[in-house]
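Residues per chain are reported as follows:
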Amino acid sequence: RIAWNCFRRYFASLPTLDWVWGCLAVLYATRYFLPRIHETEWRNGNTYVFVLPMAGGIMADAFFQLPVLQCLESDVNNFSAELTCWNKDVVNEFDLLCVLLSALVVAFVFTLAFRGTFGIRQCYWGSAMVVHSICIYLVVKALPFLFGIN
């Protein structure tokens, strides 16, 4: 999505590219990140702690790439409304880079845990806190957008 935001600046006059990007993002997220009901190990705690929150976030972000959902009017006061956009005002590039950095740190900590430097239990609990902290942060940022509140 970061590359698309940079690429889009040069082709802002072609609105069909926004629809192509949005549809491709939804199709890609559905194909590769949506857990399959029969293939998912539902008795494993990792599914609920890691897989479902990440899949939900990726799917939500993919749907908000569609032009019809990307920008919504939010009430500033009783007399005026302001256009709020998902990529610019809610989940911007800085947020995406912070999520990416968090994922890299979690992956590195798991590498250290598998080599015996950290306890695996502490690694799982810390990673779960990171994932759920990101989810809470993004939900708190998204709620005003979803309800049209500025």
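Higher on the page you've got the structure.
This one's a predicted model, so the numbers in the text were calculated from it and none came from an experiment. (Residues numbered from 1 in each chain as written. Predicted model: local features only at pLDDT ≥ 70, side-chain atom pairs only at ≥ 80, totals over all residues. Heavy atoms only, no water.)

**Section: helix 7 (residues 120-147)**
Then comes step 1: Its 28 residues place the ends of helix 7 40 Å apart at the C-alpha level, agreeing with the 40 Å of an ideal helix rising 1.5 Å per residue.
Then comes step 2: The sharpest bend along helix 7 reaches about 25° and sits at Lys141, with the proline Pro144 one to four residues further on.
Then comes step 3: Those residues of helix 7 lying buried are Cys123, Ser127, Ala128, Val131, Ala142 and Phe145.
Then comes step 4: Immediately downstream of helix 7, the backbone of Gly148 shows phi near 75°, a positive value. (Helix = DSSP H or I, 4+ residues; strand = E, 2+ residues; numbered from the N terminus. Expected span 1.5 Å × (residues − 1). Bend = angle between axes of the 7 residues up to and from the residue. Buried < 20%, exposed > 50% of the residue type's maximum accessible area, 1.4 Å probe, protein only.)

**A short note on the packing of aromatic side chains**
Then comes step 1: Summed over the entire model, instances satisfying the criterion amount to 9 aromatic pairs.
Then comes step 2: A ring pair is formed by Phe50 and Tyr124, whose centres lie 6.1 Å apart and whose planes are at 45°; its orientation type is tilted. With Phe50 in helix 3 (residues 45-63) and Tyr124 in helix 7, this residue pair connects regions lying 74 residues apart in the sequence.
Then comes step 3: Where Phe110 meets Tyr124, the ring centres are 5.0 Å apart and the plane angle is 80°; that geometry is what we call edge-to-face. Here Tyr124 lies in helix 7 and Phe110 lies in helix 6 (residues 93-114), a separation of 14 residues in the sequence.
Then comes step 4: For Phe110, a relative accessible area of 14% puts it in the buried group.
Then comes step 5: Using a relative accessible area of 31% as the deciding quantity, one classes Tyr124 as partly exposed.
Then comes step 6: One residue, Arg31, lies across the ring of Tyr32, its end atom 5.2 Å from the ring centre. (Phe/Tyr/Trp six-rings, centres within 6.5 Å; stacked < 30°, edge-to-face > 60°. Lys NZ or Arg CZ within 6 Å of the ring centre and 35° of its normal.)

**A few points about the packing of helix 2 (residues 15-32) against helix 3**
Then comes step 1: Close contact between helix 2 and helix 3 brings their axes to 8 Å; oriented N to C, the two are set at 160°. For the element pair helix 2 / helix 3, the angle class is roughly antiparallel. The handedness of the crossing between helix 2 and helix 3 is left-handed. Here Gly22, Ala25, Val26, Ala29 and Thr30 of helix 2 lie close against helix 3, whose contacting residues are Ile58, Met59, Ala62 and Phe63. (Axes fitted to C-alpha atoms, helices over the stretch in contact; angles between N-to-C directions. Parallel < 35°, antiparallel > 145°, perpendicular 65-115°, else oblique. Left-handed = near helix turned anticlockwise from the far one by under 90°. Contact = heavy atoms within 4.5 Å.)

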